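# Structure assessment
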Amino acid sequence: MPNESVPICPQCGGPLRAGAMALCHRQEDDRRTCRVVWGCSNQHIWWKWADRPTAPLELCPYPDLMGG
Ligand SMILES: [Zn+2]
């Protein structure tokens with residue numbers, strides 16, 4: 001088992017479930033990098049850089065990525 005814990009929604013504290021991956025341009029290092037979309041059962045949608053597991057979750061402006 002990988003040492004992986006379930007992320008928690010910063011807004012309501014509920015467990016998050018991984019959704020789609022979104023390919024985004026990251027201005028910081030000028031790379032095209034995937035973001036993983038996470039959603040809780042209260043329709044709070046977050047995402048974070050796939051290559052930065054310790055990066056904080058950010059609010060995802062595209063809730064449709066979670067598949068409705
Ligand atoms: Zn939530």
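For the structure itself, look to the data block above.
Residues numbered from 1 in each chain as written. Predicted model: local features only at pLDDT ≥ 70, side-chain atom pairs only at ≥ 80, totals over all residues. Heavy atoms only, no water.

### Examining the sheet that holds strand 4 (residues 58-59)
Across the sheet, which stays open at both edges, the four strands sit in the order 1-2-3-4 with antiparallel pairing between neighbours. Looking along the sheet, the strands with just one partner apiece sit at the ends: strand 1 (17-26) and strand 4. Bridging between strand 2 (residues 31-39) and strand 3 (residues 45-49) involves five bridges; their strand directions are antiparallel. By the bridge assignment for strand 3, Gly39 is matched with Ile45. (Pairing = 2+ DSSP bridges. Helix = DSSP H or I, 4+ residues; strand = E, 2+ residues; numbered from the N terminus.)

### Digging into the pattern of salt bridges
Evaluation of the coordinates by the stated rule reveals five salt bridges. The shortest N-O distance in the salt bridge between Glu28 and Arg52 comes to 3.2 Å. Taken together, the residues span a long stretch of sequence, with Glu28 in the loop between strand 1 and strand 2 and Arg52 in the loop between strand 3 and strand 4 at a distance of 24 residues. The class for Glu28 is exposed, based on a relative accessible area of 64%. Residues joined by salt bridges that share partners form a network here, namely Arg26, Glu28, Asp29, Asp51 and Arg52. (Salt bridge = Lys/Arg side-chain N within 4 Å of Asp/Glu carboxyl O. Buried < 20%, exposed > 50% of the residue type's maximum accessible area, 1.4 Å probe, protein only.)

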